[in-house]
Amino acid sequence: MITNVDTSDSSSFKTDTGVEYTPNSMMHKAIVRMDPTKLEMIEGFERADAGHKFIPQGSNVRVMVSGRDWSEKRILVYGSKSSEEAKRHVETIINRVTEIGHNAELIEGPEITNIAVSGDLGAPLQLEALSIELSDQGVDIEYEPEQFPAAIVKLDEVSVTFLLFSTGRFVIQGLRGFDDIEPAIAQVQNLIGEIDDIE
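For clarity, every value in this text was computed on a predicted model and none was experimentally measured.

The secondary structure content of the protein amounts to three helices and eleven strands. Tracing the protein from N to C terminus, the helices and strands come up as β-β-β-β-β-β-α-β-α-β-β-β-β-α. By its C-alpha atoms, the protein is 70 × 30 × 30 Å across when sized along the principal axes. Per-residue burial over the protein gives 42% buried out of 199 residues. Of note, the protein has its 17 positive side-chain charges centred 13 Å away from the centre of its 35 negative side-chain charges.

Okay, here's the thing in structure tokens:
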């Protein structure tokens, strides 16, 4: 079980059952209290529908800042490879605001709100049969191959969404922590195993 990871080196991990997976990117949330500031006047910021967007130089990360001018700002860091990287981006925003003489301080976070993980179950899947069987068992699954090549499985026990491809590859979205990765994979393996036992 992993508890913290820097995903910038594309490290792969294996479950006890041999399923290989790689945490790819994360989304973090932080709360910053700052003086009223027109962020679009600061280098690197641009106005967006949901607030202000900041794109750090030399990075694929996107940072969104939202909130009223006189209140705490919510900062969402998309695509960071580690919590340390997310914290650096939040600190950059705080530094840019304080450089123009405005107060800004970190109140909370950054904390992980989503981890994207990809992996391979190691065997091809018959998605049509899988979707029918799991649906009959009351599992929340959608499979419309003419619209999207993966079966979308929403789990309850570990509240995440799995994209299962016919090759056996998968993507997990909605993970809140590294401790949830392997239990989510185990839950999907159990569901698939139950179908194999029926056939």
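Another aspect to go through is the pattern of salt bridges. Per the counting criterion, the structure on display carries three salt bridges. With a closest N to O distance of 3.8 Å, E105 and R33 form a salt bridge. Taken together, the residues span a long stretch of sequence, with E105 in strand 7 (residues 104-120) and R33 in strand 2 (residues 20-34) at a distance of 72 residues. Looking at E105, the relative accessible area reads 43%, which means it is partly exposed. Salt-bridge contacts for E46 lead to K53; the nearest nitrogen and oxygen are separated by 3.6 Å. Bridged by salt links that share partners, the residues R33, E72 and E105 form one connected network.

Another point: the packing of aromatic side chains. When we look at a pair of aromatic rings, we describe it by the centre distance and by the angle of the planes. Within this structure, the stated rule accounts for four aromatic pairs. Between F45 and F54, the aromatic rings sit 5.0 Å apart at their centres with planes inclined by 35°, giving tilted as the arrangement. Considered together, F45 and F54 belong to a single accessibility category, that of buried residues. Taking 5.4 Å as the distance between ring centres and 45° as the angle between the ring planes, the aromatic pair formed by F162 and F170 counts as tilted. We classify F162 as buried; its relative accessible area is 0%.

Sheet analysis places strand 3 (residues 45-48) next to strand 4 (residues 51-54), joined by four bridges and oriented antiparallel. Across the sheet, R47 pairs through a bridge with H52, a residue of strand 4. Taking the residues that link successive antiparallel strands as the turn, the strand 3-strand 4 hairpin has two residues. In this structure, strand 4 lies alongside strand 5 (residues 62-66), joined through three bridges in antiparallel fashion. Paired with H52 across the bridge in strand 5 is V65.

So, on to a negative patch on the surface. Together, E128, D140, E142, E144, E146, D156 and E157 line one region of the surface with negative charge. By secondary structure assignment, the location of E144 is in the loop between strand 8 (140-142) and strand 9 (150-154).

Okay, the environment of P183 next. Along the chain, P183 turns up in helix 3 (residues 181-198). Counting along the chain gives 124 residues from P183 to S59, while the straight-line C-alpha distance between them is 31 Å.

On to the pairing of strand 11 (residues 169-175), then. Judged from the five bridges that link them, strand 7 and strand 11 form a sheet pairing that is antiparallel. Bridge pairing in strand 11 places D120 opposite R169. Bridge count between strand 10 (residues 161-165) and strand 11: four bridges; the pairing is antiparallel. Its bridge partner being in strand 11, L164 is matched across the sheet by F170. Connecting the antiparallel pair strand 10 and strand 11 is a turn made up of three residues, with G168 showing a positive phi of about 100°.

The subject of this paragraph is helix 2 (residues 127-136). Two residues of an α-helix separated by three or four positions point the same way, owing to the 3.6 residues in each turn. Those residues of helix 2 that fall on the buried side of the exposure criterion are L127, L130, S131 and L134. For helix 2, the angular spread of buried residues about the axis comes to 95°, placing them on one side. Once helix 2 finishes, G138 follows within two positions and takes phi at roughly 90°, a positive value.

Cut-offs used in this document
Residues numbered from 1 in each chain as written. Predicted model: local features only at pLDDT ≥ 70, side-chain atom pairs only at ≥ 80, totals over all residues. Heavy atoms only, no water. Helix = DSSP H or I, 4+ residues; strand = E, 2+ residues; numbered from the N terminus. Buried < 20%, exposed > 50% of the residue type's maximum accessible area, 1.4 Å probe, protein only. Lys, Arg positive; Asp, Glu negative; His and termini not counted. Charge placed at Lys NZ, Arg CZ, Asp CG, Glu CD. Salt bridge = Lys/Arg side-chain N within 4 Å of Asp/Glu carboxyl O. Phe/Tyr/Trp six-rings, centres within 6.5 Å; stacked < 30°, edge-to-face > 60°. Pairing = 2+ DSSP bridges. Patch = residues over 30% accessible without salt bridge, like charges linked within 9 Å, V, L, I, M, F, W, Y side chains within 5 Å. Areas by Shrake-Rupley, 256 points an atom, 1.4 Å probe, with all protein chains shown as cover. Arc of directions from axis to C-beta.

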